[in-house]
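Chain and residue survey
So you can see what is in the structure, the chains are spelled out below.
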Amino acid sequence: MAKTPTKKNVTKESTAKKQRTGSKAEAAQKKTDAAVPSQADLKKLSKSLNGDQTAFPKPDSGQIDASVLDRLFDVVLSRRGIDPSTSHSARLLSRGTSKVAQKFGEEAVECLIEAVAGRTQELIGESADVLYHLIVLWVDAGVTPAEVWAELQRREGTSGIAEKASRPRQ
């Protein structure tokens, strides 16, 4: 019987994996992938804020916007085909679609665990991880953010129930 993922299980597995894979390549990756914050960096930030929601800029403040996703996509795209030992994105992409999809799924589960547990700061960090890994999946599949934004725009103003009902049955 498969084990139901819990934050404890996921954390144990991630810690064990990090201990097995710690290397000079990780140091090089941090330099090369500086535009993509590591999970450790996101967790440090989350802990340092101690739940202070005012420390995060509000989306309507002009300080942040969704174009950060387009810039992240460009960074991940630029890592495709380069030496996997120098970039986390390159390493993921070099492992193939199955591994990219698996990693996205793992991050999504971690995000869900934090949401169910009601840990807002951890949910924010895991959400950033999910978005990063979704973008890696897009790069792997040849999907661009513009295509996704166009689909969202097409659906805008349409009831979710009506949109789902309009999809062809398979």
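None of the values given here were measured: they were computed from a predicted structure.

1. As for the environment of Ser127
Inspection of the secondary structure assignment puts Ser127 in helix H7 (residues 120-141). A relative accessible area of 25% places Ser127 in the partly exposed class. The sequence separation of Ser127 and Leu112 amounts to 15 residues, and the corresponding C-alpha distance is 9.1 Å.

2. Concerning the nonpolar core
Nonpolar side chains in soluble globular proteins generally cluster together in the buried interior. With twelve residues, the main nonpolar core is built from Leu69, Leu72, Phe73, Val76, Leu92, Leu93, Val100, Tyr132, Ile135, Val136, Trp138 and Val139. Sorting the residues of this core by element identifies helix H4 (67-79), helix H5 (88-94) and H7 as the ones contributing at least two each. Sort the elements by how many residues they give to this core and H7 lands first, with five residues.

3. So, the pattern of salt bridges
Side chains bearing opposite charge may pair, as long as their charged atoms lie close to each other. Overall, the coordinates contain five salt bridges when judged by the stated rule. The closest approach of N and O atoms between Glu106 and Lys103, which form a salt bridge, is 3.8 Å. Of this pair, Glu106 and Lys103 both sit in helix H6 (residues 97-117), three residues apart, which is roughly one turn of the helix. Here Arg154 makes a salt bridge to Glu151, at a shortest N to O gap of 2.6 Å. In this pair, Arg154 and Glu151 are both assigned in helix H8 (residues 145-155), three residues apart and thus about one turn of the helix distant. Its relative accessible area of 52% is what places Arg154 among the exposed residues. Several salt bridges converge on common partners, so that one network encompasses Lys103, Glu106 and Glu107.

4. Some points on the confidence of the model for the protein
Interpretation of the predicted coordinates at a detailed level should be avoided for regions scoring low in pLDDT. Averaged over all residues, the pLDDT of the protein is 76; the fraction at 70 or higher stands at 62%. Confidence drops under pLDDT 50 across residues 44-56; counting only partners more than four residues distant or on other chains, this segment forms twelve contacts.

5. Some thoughts on the environment of Glu163
Looking at the secondary structure, you find Glu163 in helix H9 (residues 160-166). The contacts of Glu163, once residues within four sequence positions are left out, are Arg154, Arg155 and Thr158.

6. Thoughts on the packing of H4 against H7
In the contact formed by H4 and H7, the axes pass within 9 Å of each other and the chain directions differ by 55°. Considering the angle they form, H4 stands oblique to H7. Here the hand of the crossing between H4 and H7 comes out right-handed. In this structure, H4 uses Leu69, Leu72, Phe73, Val76 and Leu77 to contact H7, whose residues at the interface are Leu131, Tyr132, Ile135, Val136, Trp138 and Val139. Tallied by class, the residues present in the contact of H4 with H7 amount to eleven nonpolar, no polar and no charged.

Thresholds applied
Residues numbered from 1 in each chain as written. Predicted model: local features only at pLDDT ≥ 70, side-chain atom pairs only at ≥ 80, totals over all residues. Heavy atoms only, no water. Helix = DSSP H or I, 4+ residues; strand = E, 2+ residues; numbered from the N terminus. Buried < 20%, exposed > 50% of the residue type's maximum accessible area, 1.4 Å probe, protein only. Core = buried A, V, L, I, M, F, W, Y, C linked by side-chain atoms within 4.5 Å. Salt bridge = Lys/Arg side-chain N within 4 Å of Asp/Glu carboxyl O. pLDDT = per-residue confidence, 0-100. Contact = heavy atoms within 4.5 Å. Axes fitted to C-alpha atoms, helices over the stretch in contact; angles between N-to-C directions. Parallel < 35°, antiparallel > 145°, perpendicular 65-115°, else oblique. Left-handed = near helix turned anticlockwise from the far one by under 90°. Nonpolar A, V, L, I, M, F, W, Y, C, P; charged D, E, K, R; others polar.

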